[in-house]
Amino acid sequence: MTDTANPYAAQAHARAMAGTQVEAMPTLPASAASDLPAGVAPADMLWAETIAPGGYTAKRLDRGARLQLTDVAGDACASMLIFNAERPVERLNVADTLKVQWNAYLGAGKLVLSDMGKVMFSVLEDGAGTHDAFCGASNQGTNAAKYGTGDNWGPHPNARDRFNLALAKFGLGRRDIHPCLNWFKGVKVEADGALVPQHGPFTAGRSLTLRAEMDLIVVLANCPHVLDPRPAYSVTPLRVSAWRGPVTSPEDPIRNATPEGLRAFLNVEAEYSR
């Protein structure tokens, strides 16, 4: 065993770990990632990271960036918060995202909207089809009731507390945690109003690609869905990839698909035309 109580031995041990690779970690620089999205040049990569079960991450992305989430082993749950990077008081509004689009389920061609009537993300591709905009994030109480513990430091961390850790890196806190989206874990609403979870596990390698329509702070937690009925803490790694891309053009079909969506794009474009 290394004697890390000795500062020189601790230094030697730390330096000996240089270059160590594990599955769940960021790739730095992102251009060094070995498993690039199709057609993406290494120099265009902005973010490459695998989030462990129970893990979290956060990143600022510029307008036009593409964000791809991949359910590596078929049992990830990507809970997401989103903020306007320049003015974080503007943030994801799940209720408006659904009601403005007259649709309760997200997928390819849909928009993710802010609380100020602007589009934050467009969904370019969806290879999963199981997402949730109803249930929000797990918390310490729900995890403790299901798994016996739910605090941030034990074996069953919850999404809400993971969000809080990520937000601190941007000067934000618990009061900034708003209702989230859950990608890869779906919930269907039955005719009687019952919520039926689609918890999987699913086919490994399903992915989702989003386009940033403004400068964003993106926060992710990879914890079991709050309605997952399984008694075990069941969640697998989540891969995150982001790369540079062009800003949405006036002719873009998603931009022009509906009058409501177009207005959300015009609201963003008015901000960037100053």
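Residues numbered from 1 in each chain as written. Predicted model: local features only at pLDDT ≥ 70, side-chain atom pairs only at ≥ 80, totals over all residues. Heavy atoms only, no water.

Caption draft 1: Quick peek at the sheet that holds strand 2 (residues 56–61). The strand order across the open sheet formed by 5 strands is 2-12-4-8-7, and the pairing between neighbours is antiparallel. On the outer flanks of this sheet lie strand 2 and strand 7 (131–132), each paired with one strand and no other. Relative to strand 12 (residues 216–222), strand 2 runs antiparallel, the two being bridged by 6 bridges. Across the sheet, residue Leu-61 finds its bridge partner in strand 12, namely Leu-216. Against the sheet, helix 4 (residues 159–168) makes contact with strand 2, strand 4 (78–84) and strand 12, and its axis sits at roughly 140° relative to strand 12, the strand it touches most. (Pairing = 2+ DSSP bridges. Helix = DSSP H or I, 4+ residues; strand = E, 2+ residues; numbered from the N terminus. Contact = heavy atoms within 4.5 Å. Axes fitted to C-alpha atoms, helices over the stretch in contact; angles between N-to-C directions.)

Caption draft 2: Quick peek at the sheet that holds strand 1 (residues 45–51). Taken in spatial order, the 6 strands line up as 1-13-3-11-6-5 in an open sheet, and their pairing is antiparallel. With one partner strand each, in any of the chains shown, strand 1 and strand 5 (111–113) form the two edges of the open sheet. Between one strand and the next, the sheet's axes are offset by a mean angle of 20°, whatever the strand orientation. Across the face of the sheet, helix 5 (residues 259–272) comes into contact with strand 5, strand 6 (119–126) and strand 11 (206–212) while running at roughly 125° to strand 6.

Caption draft 3: Broad picture of helix 4. By the burial criterion, the buried members of helix 4 are Ala-159, Asp-161, Arg-162, Phe-163, Ala-166 and Leu-167. Of the surrounding secondary structure, the elements contacted by the buried residues of helix 4 are strand 2, strand 4, helix 3 (140–147) and strand 12. Regarding helix 4, its N-cap is Asn-158, as a side-chain oxygen of that residue lies 3.1 Å from the backbone nitrogen of Arg-160 further along. (Buried < 20%, exposed > 50% of the residue type's maximum accessible area, 1.4 Å probe, protein only. Polar contact = N/O pair within 3.5 Å; in protein donor to acceptor, adjacent residues only side chain to side chain.)

Caption draft 4: Just the nonpolar core, in detail. Ranked by internal contacts, the top residues of the largest apolar core, which has 40 residues, are Leu-67, Leu-69, Met-80, Phe-121, Trp-183 and Leu-220. Take this core: its biggest share by element is 4 residues, from strand 6. Leaving out residues up to four positions away in the same chain, Leu-220 has contacts with Trp-47, Ile-51, Gly-55, Tyr-56, Thr-57, Leu-69, Ala-78, Ser-79, Met-80, Phe-163 and Val-240. Core analysis: the next-biggest nonpolar cluster, separate from the first, contains 17 residues, Leu-167, Leu-172, Val-219 and Tyr-233 among them. (Core = buried A, V, L, I, M, F, W, Y, C linked by side-chain atoms within 4.5 Å.)

Caption draft 5: Structural view of the pairing of strand 12. In terms of burial, strand 12 is a largely internal element, 7 of the 7 residues being buried. Every second residue of strand 12 is oriented toward a common face, with Leu-216, Val-218, Leu-220 and Asn-222 on one face and Ile-217, Val-219 and Ala-221 on the other, all of them buried. Strand direction decides the pairing type here: strand 4 and strand 12, joined by 7 bridges, are antiparallel. Among the inter-strand pairings, Ser-79 is bridged to a residue of strand 12, identified as Ala-221.

Caption draft 6: Here's a closer look at helix 3. Measuring from the backbone nitrogen of Gly-141 back to the side-chain oxygen at the start of helix 3 gives 3.0 Å, which picks out Asn-139 as the cap. Looking at the residues trailing helix 3, positive phi occurs at Gly-148, about 100°.

Caption draft 7: Expanded view of the packing of aromatic side chains. Taken as a whole, this structure holds 2 aromatic pairs when the rule is applied. Centre to centre, the rings of Tyr-105 and Phe-134 are 6.2 Å apart; their planes meet at 80°, and the pair counts as edge-to-face. Remark: Phe-134 occurs in the loop between strand 7 and helix 3 and Tyr-105 occurs in the loop between helix 2 (94–99) and strand 5; sequence separation between them is 29 residues. Owing to a relative accessible area of 28%, Tyr-105 belongs among the partly exposed residues under this scheme. Centre to centre, the rings of Tyr-147 and Tyr-233 are 5.2 Å apart; their planes meet at 75°, and the pair counts as edge-to-face. Residue Tyr-147 is located in helix 3, and its partner Tyr-233 is located in the loop between strand 12 and strand 13 (238–243); the two are separated by 86 residues in the primary sequence. Overall, the relative accessible area of 13% leaves Tyr-147 in the buried class. Above the plane of the ring of Tyr-272 lies Arg-63, whose end atom (NZ or CZ) is 4.3 Å from the centre. (Phe/Tyr/Trp six-rings, centres within 6.5 Å; stacked < 30°, edge-to-face > 60°. Lys NZ or Arg CZ within 6 Å of the ring centre and 35° of its normal.)

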